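# Structural overview for review
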Amino acid sequence: MEHVIIIGNGIAGVTAARHIRKLSDKQITIISKESDHFFSRTALMYIYMGHMKYEHTKPYEDHFWAKNRLELLRDTVLSVNTDTRELQLEKGTVLTYDQLILATGSRPNAFGWPGQNAKGVQGLYSLQDLELLEENTKHTRHAVIVGGGLIGIELAEMLRTRHMDVTMLVREKDFWGGVLPPKEAQLVGRHIREHHIDLRLETELEEILTDEHNQVKAVKTKSGEDISCGFVGLTVGVHPNIGFLQNSPIETDRGILVNRALETNVPGVYAIGDCAQQREAIGERKPVEQVWYTGRMMGETVAQTICGNRMEYAPGPWFNSAKFFDIEYQTYGWVWAKPKENEASLYWEHEDGKKCLRLVYDKDSMRFLGLNAFGLRLRHELCDAWLKKEASIDHVIEALPSANFDPEFYQKHEQDIMRQFSKNLKTAAA
Amino acid sequence: MSEVKKNMALTGEPPAALSAGQKGATALGMLGLGVLLLAVFNVHFPNKGLWLSLSLCTMVAGIIWFAQVTYAGKPSGIKNDGVWFKSISSRGLWAWFFALFITGFYVVLYFFPQYLGLVKDGENTGIIALFDPLSKALSGNPASQWFVYGTLYTIAIFAFGIKFIWKYRHNRYEVIRTVSVMFFQTAFAFIIPELMARLNSESWSLPYYDLKNIWPLNYYNFEQYRIDSFISAGTVGTALLIFGILSIFVITPVLTYKYGKRWYCSWVCGCGGLAETAGDPFRQLSDKSVRAWKIERWMVHSVVVFVTIMTTAVVHSYLGEDSGKYWLTRSTFLVGVAAVLTLVFVWAVVFKRDKLQKDARYGAIGFFVVIMTLIGIHLFSGTQQVFLLEAEKLRSSYGFLIGAVFSGVIGVGFYPLMGSRVWCRFGCPMAAILGFQQKLFSKFKISTNGGQCISCGNCSTYCEMGIDVRAYAQKGQNIVRSSCVGCGICSAVCPRGVLKLENDSHKGRVDESPVLLGNADNLLDLLKK
């Protein structure tokens, strides 16, 4: 029987395993150094905040794995020998595979700042990071978070629930300004401050200052200011976790290089999820996609290939979502921080300053290109259909009410939005 | 520099401890409760009306103050910080104390009301005496243990309802739903029946009737003393009796068809009302395992069978052989019951079998055969005892086991250990029947949103009915479950806008081949298979 080994039990690896099991009888082994069972990485923050316990973050009950003949191994892969198709594990075992799926995820970035290895300085990605955070913040009164992205704001929310004063250093002019257009970025910025976070925009980290026990005591910014703190969270992005492949013939760049079918240069070895890097970017997508959804989608795809139906990773329209403290965010299609040459957009914001909607369209063809929604829930299925069918902006505006996915009895804003957008469109045309 | 931290601690800490305001509010509420406790121990209060008002008002004020301190100053949004750190909401020591306290209260209430001061044919003493002035003001009669209980129950729903509304003020579904349960409890369960009692006279007396209580939740509705008093009360009584029957066969199925069982369980019902308000801090304690779900199905449906047999036996026991006293005769009644059961059974098992779990199908067949055999034996053997069992024994054991121990002692007493819906989930025959209707022909469902689920588990964790919502959401499948009471919290706590409760068309309500959006269409087609 063919033996498929999957390194990594995150969403990518587990999705692949589940779908291979659905399609075949192959022997499947999942190796993880992080946890005995699959848990939802995106839910780590809720454990720290006391919304859930670790057990609640496990999407499947523990009996699921044996029942579906998915062997789980808690170990670290030290090296891969692609000639003999063997894996050397830390606990001494050597495993032989027929097909190998690398789904090893990411590690937090740190850009060589002085003091970045001090006690009380860390990133947030893994279960172990969470345990460390618990330890590191036990006696913290003031924390500094470096980086204004999705993990940064999550970490800020987490620390605030424990009554720490939090300062956020953000390089851009606005929070997540590299991704969000200024209006949306400012909306989030206001909300961050509403939660009593000291948000420092256009502020960069120079170095981390430590005391005689190598414990962090302050950070110094590029403008020369010292901010004293007992904890520093580094949330300046993540990079593929591929260190163990150093001496293998598997080609890597920032991530493990794969073709469209998620195959590496070595036959029988695949890479999916955060750790994979497309040799050529797909459409507007980044070559390395570090999102829950893309990990899942690559898992679904590679399972087909492994089970004899070779398939290219061909993701549909881009989508993503997040929650910034109390404000939910959904995006469908492409909305750039800076509009491209041919793009124009319509923007509506509610008077409470916590809800907004931006529709982006092509100025020439009037085609709908994407949207950002804050504080509004929209139907994925409809937005997806609009993008696939290349619907016109007029059509989208008209169909907006049917895309509403807010809970019942919520105040509806579509009439407002439609009125304003139709007017704006006419003005733009004139 | 933003400075929020107000206490003197030098470090960050998990949000488990109470703030000064919360402590004050708790103390105030406890003060009110203290008066009641003193009354239990027969401390004499000179002006009962004043002391009772004082006690009830301080309890309400304490709860509202607590809510204000907890939620008012913060931006609106989900407020579950520290739920699993606090002893009371995570099965810690306080939870066990609290469970013991409520359980004890229910045991005394149901089985030893004399310790609360109930005196038959004489002046009440203790806590019941404290409630006499209020009871006399409402119905004209002295208080009973049930009046004390009803008052405290209503006050709990009212005060904790305000707390709940504060907590979920950003969510209009939750706000409106909570106003609804507060209204139905106060008006229908508390004030109207008390005022109805005022209309009673020597010749004319209505039974105590909470109009929103429908059989089999009020399993006693068709007992002889009630039927007799309905009939004795002329048109009004007959109308109420007809209303009681219509509620079962018409109002309930129609409303459940349109809105799902939530119209009752989380909008109207008193048990649901308490669970959603006072019980809200415990909703996360329900067991989500598949094993628990299996136990639930067997238990709750067994109760339905039990209550059906019991009610049939009881009604049968007082009906005559001819239509002298009652219009209905014994055999017509039994044949009628058999006919209704057969109709429902044939419809469900023959036409809707694909929507039933396998064990539900077997169970239904088993129960149906048993009941039919019993009815058959009776009709053809001519014994006086229905089902060879004494109706009175059935009635009293149902009242003891289900009516008192399950719905009261365990149902509420175990809030801090097994969550707020233990009774609704494992024991309530009304919920089971509504659930059966919801599963098989309602328009209600919880839709999932494309591919947006991140499997975080908030929905499952905060489902008070122990439904593993995530199991469906992470497959992209709509949630159509008989146990769902439509409280809407899964949708509220979802950080990615994945869940929406809605009354939609039947088409596509049950996803036979769910799929998560994201990949190219050709792969999605393969995944659907």
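Residues numbered from 1 in each chain as written. Chains lettered and ligands numbered in written order. Predicted model: local features only at pLDDT ≥ 70, side-chain atom pairs only at ≥ 80, totals over all residues.

## Brief notes about the overall build of chain B
Using the following cut-off: Working definition: helices are DSSP H or I runs of at least four residues, strands are E runs of at least two. Numbering for both runs from the N terminus. In this scheme the burial state of a residue depends on its C-beta neighbours within 10 Å: 20 or more other such atoms mean buried, 12 or fewer mean exposed, and anything in between means partly exposed; the C-beta positions come from the backbone.
Per the secondary structure count, chain B includes 21 helices and 2 strands. Here chain B holds 529 residues, and the buried ones make up 44% of them.

## Structural notes on the overall build of chain A
The test is simple: Only the C-alpha atoms count toward the radius of gyration. The rule for a globule is 2.2 Å times the residue count to the power 0.38.
Within chain A one finds 10 helices and 25 strands. Relative to the globule expectation of 22 Å for 430 residues, the C-alpha radius of gyration of chain A, 23 Å, shows essentially globular dimensions. Each of the three principal axes of chain A carries a C-alpha extent, and together these read 70 × 60 × 40 Å. Residue burial in chain A is summarised as follows: out of 430 residues, 49% are buried.

## Thoughts on the interface of chain B and chain A
Keep this limit in mind: Residue pairs are scored as contacts if the distance between their C-beta atoms, which are placed from the backbone, is within 7 Å. Think of it as three bins: nonpolar holds Ala, Val, Leu, Ile, Met, Phe, Trp, Tyr, Cys and Pro, charged holds Asp, Glu, Lys and Arg, and polar takes everything else, Gly as well.
At the junction of the two partners, chain B supplies 54 residues and chain A supplies 57 residues. Those elements giving two or more residues to the side of chain B that touches chain A turn out to be α6 (172–199), α18 (458–461), β2 (499–503) and α21 (521–528) of chain B. Class assignment of the residues belonging to the side of chain B that touches chain A gives a composition of 21 nonpolar, 24 polar and 9 charged.

## Notes on the pairing of strand β11 (residues 165–169) of chain A
All names here are of chain A. The condition that has to hold: Strands are treated as partners if at least two bridges between them are detected by DSSP. Viewed with both strands pointing away, a crossover whose connecting path from the first strand over the helix to the second turns clockwise is right-handed.
Of all 5 residues making up β11, 5 are buried, and the element is well covered by its neighbours. Of the two faces of β11, the one carrying D165, T167 and L169 and the one carrying V166 and M168 are both buried. Across 5 bridges, the pairing between strand β10 (residues 142–146) and β11 is parallel. For A143, the partnering residue across the bridge sits in β11 and is V166. Chirality of the crossover, the property in question, places the unit of β10, helix α5 (residues 150–160) and β11 among those that are right-handed. Taken together, the 4 bridges between β11 and strand β12 (residues 197–200) define a ladder with parallel strand orientation. Paired with L169 across the two strands is R200, which belongs to β12. In the classification by handedness, the crossover that spans β11, the intervening helix α6 (residues 182–194) and the parallel β12 is right-handed.

## A few points about the sheet that holds strand β13 (residues 205–210) of chain A
Residues and elements named next belong to chain A. Rule in force here: To obtain each axis, a line is fitted to C-alpha atoms, and for helices this fit is confined to the stretch in contact; angles are then taken between N-to-C directions over 0 to 180 degrees.
In space, the 3 strands of this open sheet follow the order β13-β14-β15, with antiparallel pairing throughout. Whereas interior strands pair on both sides, the edge strands pair on one side only; in this sheet they are β13 and β15 (226–228). For this sheet, the mean angle separating the axes of adjacent strands, direction not counted, is 25°. Relative to strand β14 (residues 216–221), β13 is paired through 5 bridges, and the arrangement is antiparallel. Considered in β14, the bridge of I208 is made with V219.

## Some remarks on the domain arrangement of chain B
Where the parts come together, the accessible area they lose is often given as the size of the interface. All names here are of chain B. Keep this limit in mind: Residue ranges for the domains originate in an automatic or database domain assignment.
Looking at chain B, the domain boundaries give domain 1 (17–74 + 112–199), domain 2 (203–442) and domain 3 (443–528). The gap between the C-alpha centroids of domain 2 and domain 3 is 30 Å. With 30 residues of domain 2 in contact, the opposing surface of domain 3 contributes 19 residues. Of all the elements, helix α17 (residues 429–441) adds the most residues to the side of domain 2 that touches domain 3, at 4 residues. Here the residues of the side of domain 2 that touches domain 3 sort into 8 nonpolar, 10 polar and 12 charged.

## Side note on the pairing of strand β24 (residues 356–362) of chain A
Put simply, side chains in a regular strand alternate between the two faces of the sheet. Residue and element names in this part refer to chain A. β24 sits mainly inside the fold: 6 of its 7 residues count as buried. Note: strand β23 (residues 343–349) against β24, 7 bridges, orientation antiparallel. Each bridged residue has a counterpart across the sheet, and for A344 the counterpart in β24 is Y361. In sequence, β24 turns back onto strand β25 (residues 368–374) through a hairpin of 5 residues, with M366 there showing a positive phi of about 60°.

## Some points on the sheet that holds strand β5 (residues 86–89) of chain A
Residues and elements named next belong to chain A. Within the open sheet, the 3 strands sit side by side as β4-β5-β6. Their pairing is antiparallel. Strands with a single pairing partner mark the edges of an open sheet, and in this sheet they are β4 (77–81) and β6 (94–96). Neighbouring strand axes in the sheet, compared pairwise and without regard to direction, differ in orientation by 20° on average. Examined bridge by bridge, β5 and β6 share 3 bridges and lie antiparallel to one another. Counterpart to Q88 in the pairing with β6 is V94.

## Some words on unusual backbone geometry
Cis peptide bonds are those with omega within 30 degrees of zero, and the linkage from W215 of chain B to P216 of chain B qualifies with 10°. Among the secondary structure elements, P216 of chain B is positioned in the loop between α6 and α7 (224–232). Although it is not a glycine, N214 of chain A sits at a positive phi angle of roughly 60°. Residue position: N214 of chain A is located in the loop between β13 and β14.

## Considering the packing of helix α4 (residues 126–138) of chain B against helix α5 (residues 145–167) of chain B
Two quantities define a packed helix pair, namely the angle between the axes and the distance from one axis to the other. Residue and element names in this part refer to chain B. Filter applied, for reference: Working definition: roughly parallel below 35 degrees, roughly antiparallel above 145 degrees, roughly perpendicular at 65 to 115 degrees, and oblique for all remaining angles.
The contact between α4 and α5 brings their axes to 9 Å, and the two run at 75°. Relative to α5, α4 is oriented roughly perpendicular. Of the residues in α5, those in contact with I127, I128, F131, L134 and S135 of α4 are Q145, F147, V148 and T151. Across the contact of α4 with α5, the residue classes tally to 6 nonpolar, 3 polar and no charged.

## So, the nonpolar core
Put simply, the rule is: We call a set of buried Ala, Val, Leu, Ile, Met, Phe, Trp, Tyr and Cys residues a nonpolar core when their C-beta atoms link them within 7 Å.
If you look at the biggest cluster of nonpolar residues, it comprises 239 residues, and the most contacted ones within it are A16, I101, L102, V232, I272 and L359 of chain A together with C490 of chain B. The element contributing the most residues to this core is α5 of chain B, with 11 residues. Setting aside its immediate chain neighbours within four residues, I272 of chain A contacts A12, A16, I101, A103, L262, G295, M298, G299 and V302 of chain A.

## Details of the environment of K22 of chain A
On the secondary structure map, K22 of chain A appears in helix α1 (residues 11–23). It is 9.3 Å that separates the C-alpha atoms of K22 of chain A and A303 of chain A, two residues lying 281 residues apart in sequence.

## Details of α5 of chain A
The buried count for α5 of chain A comes to 11 of 11 residues, which makes it a mostly enclosed element. Among the residues making up α5 of chain A, those that are buried are L150, I151, G152, I153, E154, L155, A156, E157, M158, L159 and R160 of chain A.

## Section: the confidence of the model for chain B
Spelled out, the test is: The pLDDT value tells you how sure the predictor is about a given residue, anywhere from 0 up to 100.
Residues at a pLDDT of 70 or more form 95% of chain B, whose mean pLDDT is 89. Here residues 1–11 of chain B is a poorly scored stretch, pLDDT under 50, and it has 15 contacts once near neighbours within four places are set aside; other chains count.

## Here we look at the environment of W318 of chain A
All names here are of chain A. You can see W318 is positioned in the loop between α7 (292–306) and β21 (319–324). Assessed through the 21 C-beta atoms surrounding it within 10 Å, W318 is described here as buried. Residues W318 and V144, spaced 174 residues apart in sequence, show a C-alpha to C-alpha distance of 32 Å. Residues in contact with W318, not counting those within four places in the same chain, are R285, G333 and W334.

## Here we look at the environment of R283 of chain B
All names here are of chain B. Inspection of the secondary structure puts R283 in the loop between α10 (270–276) and α11 (290–318). In sequence terms R283 and Y362 are 79 residues apart; their C-alpha atoms lie 31 Å from each other. Dropping the residues within four chain positions of it, R283 is found in contact with G419, S420, Y462, E464 and I489.

## What to know about the packing of α11 of chain B against helix α12 (residues 330–351) of chain B
All names here are of chain B. Note the following rule: In a left-handed crossing the near helix is turned counterclockwise from the far helix by less than a right angle, and in a right-handed crossing that turn is clockwise.
Look at α11 against α12: their axes get within 9 Å of each other, and the N-to-C directions meet at 165°. In terms of orientation, α11 and α12 fall into the roughly antiparallel class. Crossing of α11 over α12 shows right-handed handedness. On the side of α11, the interface is formed by T312, V315 and H316, while α12 contributes R330, F333, L334 and V337. A per-class count over the contact of α11 with α12 returns 4 nonpolar, 2 polar and 1 charged.

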